[in-house]
Every structure is written in structure tokens, then in C-alpha cells.
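# Coordinate inspection notes
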Amino acid sequence: MNITETNIPQTGTIKYEDKQSSHNMHVSSLPTINGEKIVIHIADYHQSLNGIDSLLFSEDNLVKLKRLINLPNGIILICGSTSAGKTTTMYSLLKELDAKAKNIITVEDPVKMRIEGINQVQVAPEKGLTMSSILRSLLVQDPNVICLSEINNEEIARLALRASTTGRIVISTV
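Note that residues are indexed from 1 along each chain, following the sequence as it is written. Reporting of local features is limited, given that this is a predicted model, to residues whose pLDDT is at least 70; pairs of side-chain atoms are given and counted only at 80 or more, and all residues count toward the totals for whole chains, interfaces and linings. Water and hydrogen atoms play no part in the side-chain values, which are based on all heavy atoms of the structure.

## With respect to the nonpolar core
Buried Ala, Val, Leu, Ile, Met, Phe, Trp, Tyr and Cys residues that are joined via side-chain atoms within 4.5 Å together make up what is termed a nonpolar core. For every residue, the accessible area obtained with a 1.4 Å probe (protein chains only) is divided by the maximum for its type, and the residue is called buried under 20%, exposed over 50%, and partly exposed between those limits. Of all hydrophobic cores here, the largest spans 20 residues; its most connected members are Leu93, Leu94, Leu97 and Ile171. Helix and strand definitions here come from DSSP, where helices need a minimum of 4 consecutive H or I residues and strands a minimum of 2 consecutive E residues; each element is numbered from the N-terminal end. Those elements that place two or more of their residues in this core are α1 (59-69), β4 (74-78), α2 (86-96), β7 (145-148) and β8 (169-173). Among the elements that line this core, the one with the most residues is α2, at 4 residues. Formed by 16 residues, the second largest nonpolar core is a distinct cluster that contains Leu135, Leu138, Leu148 and Ile151.

## Let's talk about the sheet that holds strand β3 (residues 35-43)
Strand pairing in a sheet relies on backbone hydrogen bonds. The paired strands run either parallel or antiparallel. DSSP-based pairing: two strands are paired if at least 2 bridges between them are found. If you walk across this open sheet you meet the 3 strands as β1-β2-β3, and the pairing is antiparallel. The open sheet has two edge strands with one neighbour each: β1 (10-17) and β3. Mean inter-strand twist for the sheet, computed between neighbouring axes without regard to direction, equals 25°. In this sheet, strand β2 (residues 22-32) lies alongside β1 in antiparallel orientation, the contact comprising 8 bridges. Considered in β2, the bridge of threonine 11 is made with serine 28. A fitted line through C-alpha atoms represents every axis, and for helices the fit uses only the stretch in contact; the resulting angles, taken between N-to-C directions, go from 0 to 180 degrees.

Quick look at the structure:
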């Protein structure tokens, strides 16, 4: 975030670490007639590190989910309301995959948690790194798994569906 800019909405992240854990904070600023309104969302994705077994899926759904992420192609969409656990579920699925045996690439806005062995790309529109431009170019990187932080428009939906029908698993939130 540009702290000298107060006339446009901005988003950013703050990583805070103490002796016991680390926290990701997502910051959003909005210019109002009374000055900037700031919201800080403190996110804890550490439950993701324990994999999908630690989440509250029924045994039947857990078996189905593990089967789905090991298929050669398809799309897995995670949906729910704000703070329902979409990102935690997405990161748990990524942790379940064998990053040494599979080429896994994420396209995130923003990257909320680093995962060793996974190629994570941060969206940066000011540098020309939009979700759609990254998604178009990463298909030649021959990924086995593509993870998108969110499908939020028709173009991304079309690209994600195309990728999911060409020998790739696509994981995303909606």
C-alpha cells in the first residue's frame, strides 16, 4: 500500500510473527468524506498446515474430496460466505498434494500463506500481472494443478474451465 495515497481504495497485507506463531493481516483502506476508513482482517490459515483431515468434513465427504484432488483433471470450487473457511480449505487441499511429484502453481491476490514446494504467483495489476494474464501464460508451464484464489469474473471462469479440461486440476474459490 502507498501510505501517501489517501484518495483511492487500497489493499495490502501485514505479516506479524511472535514466538508462538505468525499471523497474516489483510488491510483495506477506503477514502470517505471524513477521511480514510481502514479495516484489518486477521487471518489464521495455520489449520491448513494439518491438511484436510483436520477440517470438519464428514468421513464420506473427506473420502470424496481426497479422490477428487487425485484425478488427472477437473475443477474443484470452494464456496461459502466470508470467513467460512474457503481459503483454509483451499490451502489444506494444496498441502494434501505431493508438491515434489506434481507441478502446482497458484495465482493469488494476495498470497496469504507460503507453502514450500508450490509455485505461488502474486497478482500485481500495476506490473501487468493480472489474474487473466498470469493464467493464460502459466498453461505453457505444464502445471498438474492450478489454484486460483478466486474466480470473480467471466474471463477467469472461462480460462479456469478450459484449463480443467486439458489435463489439469483447477482449485478455486467463488
